[in-house]
Amino acid sequence: MSRPDRGTRAMHQALPPALRDAVDDFAEHLSRVRNRSAHTVRAYVTDLVSLLDHAVRMGCVDLAELDLSVLRSWLARQRTMGAARTSLARRAASARAFSAWAHRAGLLPADVGAALASPRAHRDLPSVLRADQAAALVEAPSRQTPPPTNPARTDQARTDAEPADAAAEPAQGALEGSEAVPLRDRMLLELLYATGVRVSEACGLDVGDVDHGRRVIRVFGKGGRERSVPYGVPAQRALDDWLRHGRPAMVGARSGDALLLGARGGRLNPTTARQIVGAYAETAGLPRTSPHDLRHSAATHLLEGGADLRAVQELLGHSSLASTQIYTHVSVERLRAAYRQAHPRA
């Protein structure tokens, strides 16, 4: 089972053996059969342990006794404890997924979670840079020395699955003399904005995943789903500079085939990549920006430029078109803002 937090582990151990085994088997199913990430498995396990702990408190000592009233009672309790609508929606989804699996596995006589409703999660419009702001950000490494990262934050946020020194940045100031680091940073920023890939997808790229002739990268997204994403000429230039001059200067024994490297030669850590983006945005005088904000910006600018919604869905790797449609709302909000600012009778 993926390692949950300490409180969840204590609740897990306190469950009756049959329920504890069901949690472990479900986690194994998510990891091996559904190919979910360790982070996703932890989230499901945390929700499930909370649900079964609540069920035991209501007198359910056998999984077959789990019914819809218990699920609803659990969600109601979460709501009274102040859980946000987004959290309630995720926990309801976890309960439904477990119920469906348990029914197929013969642990539940019926799929009791199929009738469980969940509140519609309120979705804030994503933070989006203007095109000129995005251009200023991706060009920032060419105009300045690399901003230092915070190694303490990197170490604290590193996942359990990563080696202790897999891709950590050295102490503050140690990168300033390296000419390779700005090339890597420029390539990272160009790639994130040009393709709209997730930061984990960018850091997971290997050199062989780049098709220079067609200007396409091969990306493995959520659930191991593979897709091809094109990139433009500026990104190609940044990529060429990095591969010819930057990567050879930073490559080490632990580099393997990784495209993006950390300062110690290992694969670039996503946490460090987030710090790089945020630091360049801050020094460039831009709003607080994350790699996911660049993903939002890329999608919004594509739609504003006339791209088809389904094409953007494919580029981003969304399994559902509903996930992509939020960017149409961003474009409408921008249109309304421009109208209010410019129209004399707005």
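Presented here is an overview of the structure given in this document. A quick note: this is a predicted structure, and the numbers were derived from the prediction, not measured. (Residues numbered from 1 in each chain as written. Predicted model: local features only at pLDDT ≥ 70, side-chain atom pairs only at ≥ 80, totals over all residues. Heavy atoms only, no water.)

## Here's the deal with the overall build of the chain
So, point 1. Of regular secondary structure, the chain possesses 14 helices and 3 strands.
So, point 2. Per-residue burial over the chain gives 44% buried out of 346 residues.
So, point 3. Of the contacts formed within the chain by residues at least 6 apart in sequence, a portion of 62% connects residues at least 24 apart.
So, point 4. Accessible area for the chain stands at about 17800 Å²; split by element, carbon and sulfur atoms hold 49% of it. (Helix = DSSP H or I, 4+ residues; strand = E, 2+ residues; numbered from the N terminus. Buried < 20%, exposed > 50% of the residue type's maximum accessible area, 1.4 Å probe, protein only. Contact = heavy atoms within 4.5 Å. Areas by Shrake-Rupley, 256 points an atom, 1.4 Å probe, with all protein chains shown as cover.)

## Considerations on the pairing of strand 2 (residues 216-220)
So, point 1. Pairing between strand 1 (residues 210-211) and strand 2: 2 bridges, direction antiparallel. Across the sheet, residue Asp211 finds its bridge partner in strand 2, namely Val216. (Pairing = 2+ DSSP bridges.)

## Considerations on the packing of helix 12 (residues 291-304) against helix 13 (residues 309-316)
Relative orientation and spacing of two packed helices are given, respectively, by the angle between their axes and the distance between those axes.
So, point 1. One can describe the packing of helix 12 onto helix 13 by two numbers: an axis separation of 10 Å at closest approach and a directional angle of 155°. In terms of orientation, helix 12 lies roughly antiparallel with respect to helix 13. Between helix 12 and helix 13 lies a crossing whose hand is right-handed. Facing Arg295, Ala299, Leu302 and Leu303 of helix 12, the residues of helix 13 in contact are Leu309, Val312, Leu315 and Leu316.
So, point 2. Along the lines of polarity and charge, the residues of the contact of helix 12 with helix 13 split into 7 nonpolar, no polar and 1 charged. (Axes fitted to C-alpha atoms, helices over the stretch in contact; angles between N-to-C directions. Parallel < 35°, antiparallel > 145°, perpendicular 65-115°, else oblique. Left-handed = near helix turned anticlockwise from the far one by under 90°. Nonpolar A, V, L, I, M, F, W, Y, C, P; charged D, E, K, R; others polar.)

## Regarding empty space enclosed by the protein
So, point 1. The tally for this structure, following the rule as stated, stands at 2 cavities of 30 Å³ or more.
So, point 2. Size it by volume and the second largest cavity reaches roughly 30 Å³.
So, point 3. Along its surface, the second largest cavity is lined by Leu19, Leu52, Ala55, Cys60, Asp62, Leu63 and Leu66.
So, point 4. Partitioned by chemical class, the residues of the lining of the second largest cavity number 6 nonpolar, no polar and 1 charged. (1 Å grid on protein atoms, 1.4 Å probe; cavity = no way out; pocket = protein on both sides within 12 Å on 5 of 7 lines; lining within 4 Å. Points joined across faces, edges and corners; volume = space filled by probe spheres on them.)

## Quick notes on the pattern of salt bridges
So, point 1. Scanning all chains against the criterion turns up 12 salt bridges.
So, point 2. Between Arg91 and Asp47 there is a salt bridge, with its nearest N and O atoms 3.8 Å apart. Here Arg91 is found in helix 5 (residues 85-104), whereas its partner Asp47 is found in helix 3 (residues 38-57), with 44 residues between them in sequence. Asp47 carries the same exposure label as Arg91, and that label is buried.
So, point 3. Arg198 is paired through a salt bridge with Glu201; the nearest N and O atoms lie 2.5 Å apart.
So, point 4. For Glu201, a relative accessible area of 5% translates into the label buried. (Salt bridge = Lys/Arg side-chain N within 4 Å of Asp/Glu carboxyl O.)

## Observations concerning the sheet that holds strand 3 (residues 226-230)
Two modes of strand pairing occur in sheets, parallel and antiparallel, and in both the strands are linked by backbone hydrogen bonds.
So, point 1. On the basis of which strands lie adjacent, the open sheet formed by 3 strands has the order 1-2-3 and antiparallel pairing. Only two strands of the sheet have a single neighbouring strand rather than two, namely strand 1 and strand 3.

## Remarks on the side chain of Thr195
So, point 1. Inspection of the secondary structure assignment puts Thr195 in helix 8 (residues 180-195).
So, point 2. A distance of 3.3 Å separates a polar atom in the side chain of Thr195 from the backbone nitrogen of Val197.
So, point 3. Not counting chain neighbours up to four residues away, the residues in contact with Thr195 comprise Ile217, Val229, Pro230, Tyr231 and Leu315. (Polar contact = N/O pair within 3.5 Å; in protein donor to acceptor, adjacent residues only side chain to side chain.)

## A look at unusual backbone geometry
So, point 1. In this structure, Asn35 is a non-glycine residue whose phi angle is positive, near 60°.
So, point 2. Note that Asn35 resides in the loop between helix 2 (17-33) and helix 3.
So, point 3. Residues other than glycine seldom take positive phi values, yet Arg215 does so here, at roughly 55°.
So, point 4. In this structure Arg215 comes out as partly exposed when scored by relative accessible area, which is 33%.

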